[in-house]
Amino acid sequence: MGFKIIGTGSQLPKKAVSNAQLATFLDTSDDWITSKTGIKSRTICSDETITDLAAQAALTALNNANLSIADIDLLVCATMSADYAMPSMACCVLEQLGGACPAFDVNAACSGFVYALDVADSFISTRKAQNVLVVAAEMMSRMLDWTDRTSSILFGDGAAACVLTAGDSLKYLNVTATPQIAPLFAKASNGNNPFVQNVQNYPNYPQDSVNNFLQMKGQHVYKFAVTTIQQEINLALNALHLQADEITYFILHQANTRIIESARTRLKLPLEKFPMNIEKYGNMSAASIPVLLDEMLQQNAIKSGDLLMLIGFGGGLTSGTAVLQW
């Protein structure tokens, strides 16, 4: 057994923040950000919660699948920036939708959506669930140091959801982790614990870390992403006995246009096989792949029989690759 996606939905914050707006309080410019990242704007939560966005994306996906929340046997949410440390965002979304089923979060950073698909596939394949609602939602803006021009320019907020049911759309799925904390991380707070004197004494925390904002070593992450994409594409193609040009679309995590262009150039494939929306939304972490997937479906860009390769990569360091036949 396996799964097929029968409904998608997405929801973005109302507020769009341009590069020019960032340049009013950061030492940067529209030209610099665009040339280095491909990003022109990003959507940022102002008066919305990320749970609100996730619930609306989920409701749209359910409507498109012609199902109600009562039909869902499991809700899995991919996130690292939920409104609460506890309960899970999955439970918060479920409450808004009025449902009652097992619900939990998955944190694999920017690979989270594919990890959540893997979890859903396991439940469906073992017949523990018939219909699974997968939500990916990130409020990256709450994790950023908005005085840091190297990281705050990159990220955006957003949510997307998919309804999965038993089917044969999934052709390949692989998730990985090569544990490295230092290249990309955000520390948790100690609260007011009187017994912790210095978080830097914790094992594995980089010693130059002094706050809870997202920290990133850009060049290290870039090299990891470029190498990982190439490896994951080769593994998937070999497993399926396919050539790269037989994949209709490579739907990659929207981290940086240079990363995506590097993959395209190495494969010697046309630009249209690598759809992008990073220009409008920035890096939405786990939400980036399903938001792009939903947009493409709304635009009727994906046809029956198309082969889609989804690849996420991010903190952990993690990756996730899935090949679906629509």
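Residues numbered from 1 in each chain as written. Predicted model: local features only at pLDDT ≥ 70, side-chain atom pairs only at ≥ 80, totals over all residues. Heavy atoms only, no water.

### Observations regarding the overall build of the protein
In terms of regular secondary structure, the protein is built from 9 helices and 13 strands. For a compact globule of 326 residues, the expected C-alpha radius of gyration is about 20 Å, and the protein comes in at 19 Å, within 12% of that figure. C-alpha extents for the protein along the principal axes are approximately 50 × 50 × 40 Å. For the protein, the residues scored as buried account for 54% of the 326 residues in total. Partitioning the intrachain contacts of the protein with sequence separation of at least 6 by distance along the chain shows that 76% fall at a separation of at least 24. If you sum the accessible surface of the protein, you get close to 14,200 Å²; carbon and sulfur atoms cover 50% of it. (Helix = DSSP H or I, 4+ residues; strand = E, 2+ residues; numbered from the N terminus. Rg over C-alpha atoms; globule rule 2.2 N^0.38 Å. Buried < 20%, exposed > 50% of the residue type's maximum accessible area, 1.4 Å probe, protein only. Contact = heavy atoms within 4.5 Å. Areas by Shrake-Rupley, 256 points an atom, 1.4 Å probe, with all protein chains shown as cover.)

### Description of the nonpolar core
Core analysis: the largest hydrophobic core is formed by 33 residues, its most contacted members being Phe 3, Phe 113, Val 132, Leu 164, Ile 251 and Leu 310. A total of 7 residues in this core trace back to one element, the largest contributor, which is helix α5 (residues 112–125). When residues are assigned to domains, this core turns out to be shared by domain 1 (2–168) and domain 2 (172–180 + 213–325), each giving three or more. Every residue in contact with Leu 310, bar those within four places of it in the chain, is listed here: Phe 113, Val 114, Leu 117, Ile 251, Ile 289, Gly 320, Thr 321, Ala 322 and Leu 324. With 29 residues, the next largest nonpolar core counts Ala 54, Ala 55, Ala 58 and Ala 61 among its residues. (Core = buried A, V, L, I, M, F, W, Y, C linked by side-chain atoms within 4.5 Å. Domains from an automatic or database assignment.)

### So, the sheet that holds strand β4 (residues 74–78)
If you trace the 5 strands from one edge of the open sheet to the other, you get β1-β7-β6-β4-β5, paired in mixed fashion. The open sheet has two edge strands with one neighbour each: β1 (3–11) and β5 (103–106). Each neighbouring strand pair of the sheet contributes to a mean axis angle of 20°, computed without reference to strand direction. With 8 bridges connecting them, β1 and strand β7 (residues 157–166) associate as antiparallel partners. Bridge pairing in β7 links Gly 7 to Val 163. Where helix α4 (residues 89–97) meets the sheet, its contacts fall on β4, β5 and β6 (131–139), and the angle it forms with β5 comes to roughly 140°. Against the sheet, helix α9 (residues 288–298) makes contact with β1, β6 and β7, and its axis sits at roughly 95° relative to β1, the strand it touches most. (Pairing = 2+ DSSP bridges. Axes fitted to C-alpha atoms, helices over the stretch in contact; angles between N-to-C directions.)

### Concerning α4
Along α4, the positions that sit buried rather than exposed are Met 89, Ala 90, Cys 92, Val 93, Leu 94 and Leu 97. Among the structural elements, α3 (50–64), β4, β5 and β6 are those in contact with the buried residues of α4. Directly beyond the C-terminal end of α4, a positive phi value near 75° is found at Gly 98.

### Some remarks on the packing of aromatic side chains
Any two aromatic rings considered together are summarised by their centre-to-centre distance and by the angle between their planes. Inspection of the entire model under this criterion finds 2 aromatic pairs. Centre to centre, the rings of Phe 104 and Phe 123 are 6.3 Å apart; their planes meet at 40°, and the pair counts as tilted. You can see Phe 104 sitting in strand β5 and its partner Phe 123 sitting in helix α5, a full 19 residues away along the chain. You can call Phe 104 partly exposed: its relative accessible area is 28%. For Phe 123, a relative accessible area of 22% puts it in the partly exposed group. Plain terms: the ring middles of Phe 250 and Phe 274 are 4.8 Å apart, the flat faces sit at 5° to each other, and that makes the pair stacked. A residue pair is termed long-range when its members are at least 10 positions apart, and Phe 250 in strand β11 (residues 249–252) and Phe 274 in the loop between α7 (257–267) and α8 (278–281) qualify at 24 residues. The buried category is assigned to Phe 274, whose relative accessible area is 3%. (Phe/Tyr/Trp six-rings, centres within 6.5 Å; stacked < 30°, edge-to-face > 60°.)

### A closer look at the layout of surface pockets
Approximately 670 Å³ is the volume found for the largest pocket. Along the walls of the largest pocket sit 21 residues, with Met 80, Met 143, Ala 186, Lys 187 and Ala 188 positioned nearest its centre. Its residues assigned to classes, the lining of the largest pocket shows 12 nonpolar, 7 polar and 2 charged. Looking at which domains feed residues into the lining of the largest pocket, each of domain 1 (2–168) and domain 2 (172–180 + 213–325) gives three or more. Of the volumes computed, that of the second largest pocket is approximately 550 Å³. (1 Å grid on protein atoms, 1.4 Å probe; cavity = no way out; pocket = protein on both sides within 12 Å on 5 of 7 lines; lining within 4 Å. Points joined across faces, edges and corners; volume = space filled by probe spheres on them. Nonpolar A, V, L, I, M, F, W, Y, C, P; charged D, E, K, R; others polar.)

### Comments concerning unusual backbone geometry
With an omega dihedral of 5°, the bond running from Met 86 to Pro 87 counts as a cis peptide bond. With respect to the element layout, Pro 87 can be found in the loop between β4 and α4. A cis amide bond, omega -5°, links Gly 316 with the succeeding residue Leu 317. When you line up the elements, Leu 317 lands in strand β13 (residues 316–325). With a phi angle near 55°, Ala 109 is a residue other than glycine that sits in the positive phi range. Mapped onto the secondary structure, Ala 109 falls in the loop between β5 and α5. A residue is classified by how much of its surface remains accessible, and Ala 109, at 9% relative accessible area, is buried.

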